[in-house]
Amino acid sequence: MIKKKFTGLILADIHCSGEGDDLPIKGKIARDLNDFFDRIKLDSIFRFRNQLKTAAETMQRLRGILDKYMDRAEQVFIAGDITDMGRDSEYKSVIEALADYDSRKISVVPGNHEYAQVYMLKKRRKLIRKFKNIFENFLPPTPEPSDSDLYYPYVKEIGGDFVVFGLDTGLAPLQGPSKGLFGPEQLDRLETLLDSGRFDGMHKIMLMHHDVSITDRDDLDYVHDRDRFVDILNIHNIGPQDRNITVICGHTHTEKFGGGNIGNINFIAGPYFCSRTGNDFLLFEINEDGIAARLNTNESAG
Ligand SMILES: [Fe+2]
């Protein structure tokens, strides 16, 4: 039994594309093709729909949601793909927007769009460091320096009986940019931390980008070592206590709440923040028994 209810806000797949009218690459391709069809005066049947927010719209919406919910939420979870291509202008806009809020109340992890896309392979080590340097104020110190490969999982105690484990699932670029991997060293460290007893009795929130509920190995979004991760959760989830693990992820741009086929845990995948259609954030509560409930109903980005 945890002492007090907990309220959290989830934002996933922000895909900030820079500034002004900049669009994430998928939206930009649609706009460029439409412009081309306009120029050659081709029939409107050839139009592509762009359902993504521009950079300005994305950042305005980000500030709007944080202004509205940050007092109520004890922690904001940003589940990766914060930028669209890991570019300086994209990070700059996000950091400018987040600078107005208390960084202790915001937890971040990287997604594949920060450094695991095919075109990033050559620069990957530099980009991993870049993410950690830019989000330095949001990332807790660990025994390992932040530029070490051994940085994740980080541990962030967020008050009450809650602790966040920030995991990096973007370590499998050679096996396909959309697929995820924790890597054996990261899972070893997670296991050691959980075995230590330091977090017994606390509710553990696992924050990551890729969706570990996907079980099909052929799925593009599959996490290669999900089975071992799930085993670790299951081993540390037994006993007479209440539900004590919540997994938060993003990546598939599809909201999921509950279930997640990982046993007795809360599983939440955040919706696509960058989309103009549908819900773009998720507010949730964990009650004294450790059970998560969704608080917000659908709210269009407008
Ligand atoms: Fe992703």
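See the structure shown above.
Residues numbered from 1 in each chain as written. Predicted model: local features only at pLDDT ≥ 70, side-chain atom pairs only at ≥ 80, totals over all residues.

A. Main features of the overall build of the protein chain. When you go through the protein chain residue by residue, the secondary structure sums to 7 helices and 11 strands. Relative to the compact-globule value of 19 Å for 302 residues, the protein chain shows a C-alpha radius of gyration of 19 Å, a close match. Looking at the protein chain alone, contacts between residues at least 24 apart form 70% of all its contacts between residues at least 6 apart. (Helix = DSSP H or I, 4+ residues; strand = E, 2+ residues; numbered from the N terminus. Rg over C-alpha atoms; globule rule 2.2 N^0.38 Å. Contact = placed C-beta atoms within 7 Å.)

B. Representation of the sheet that holds strand β1 (residues 6-11) within the structure. Taking strand neighbours across the sheet as the criterion, the 5 strands line up as β3-β2-β1-β10-β11 in an open arrangement whose pairing is mixed. One side of each edge strand has no neighbouring strand; the edge strands of this open sheet are β3 (106-108) and β11 (292-294). Going from strand to strand, the sheet's axes swing by 25° on average, the running direction of each strand aside. Where strand β2 (residues 75-78) lies against β3, 3 bridges are found, and the strand directions are parallel. Considered in β3, the bridge of Val76 is made with Ile106. (Pairing = 2+ DSSP bridges. Axes fitted to C-alpha atoms, helices over the stretch in contact; angles between N-to-C directions.)

C. View of the environment of Tyr101. Mapped onto the secondary structure, Tyr101 falls in the loop between α3 (88-98) and β3. In this structure, the C-alpha to C-alpha distance between Tyr101 and Gly8, residues 93 residues apart in sequence, is 15 Å.

D. Looking closely at helix α6 (residues 184-195). Between its first and last C-alpha, α6 extends 16 Å over 12 residues, near the 16 Å set by a 1.5 Å rise per residue. Taken residue by residue, α6 has Gln186, Arg189, Leu190 and Leu194 as its buried positions. The buried side chains of α6 occupy one side of the element, clustering within an arc of 135° when seen end-on. Residues of α6 that are exposed and point over 90 degrees away from its buried face: Pro184, Glu185, Thr192 and Asp195. If you follow the buried residues of α6, they end up packed against β5 (162-166) and α7 (226-235). Two residues or fewer after α6 comes Gly197, characterised by a positive phi angle close to 85°. (Expected span 1.5 Å × (residues − 1). Buried ≥ 20, exposed ≤ 12 C-beta atoms within 10 Å, placed from the backbone. Arc of directions from axis to C-beta.)

E. Spatial organisation of the packing of α6 against α7. Contact geometry of α6 with α7 gives a least axis separation of 11 Å together with a crossing angle of 0°. As judged from the angle between their axes, α6 and α7 are roughly parallel. On α7, the residues touching Leu187, Leu190, Glu191 and Leu194 of α6 are Arg228, Phe229 and Ile232. Classifying every residue of the contact of α6 with α7 by side-chain character gives 5 nonpolar, no polar and 2 charged. (Parallel < 35°, antiparallel > 145°, perpendicular 65-115°, else oblique. Nonpolar A, V, L, I, M, F, W, Y, C, P; charged D, E, K, R; others polar.)

F. Representation of unusual backbone geometry within the structure. The peptide bond linking Tyr152 to Pro153 adopts the cis configuration, its omega dihedral lying at 0°. Residue position: Pro153 is located in the loop between α5 (124-134) and β4 (154-157). Positive phi values are uncommon outside glycine, yet Asp13 reaches one of about 55°. Within the secondary structure layout, Asp13 lies in the loop between β1 and α1 (25-39). One non-glycine residue, His15, adopts positive backbone phi at about 50°. The residue His15 is located in the loop between β1 and α1 in this model.

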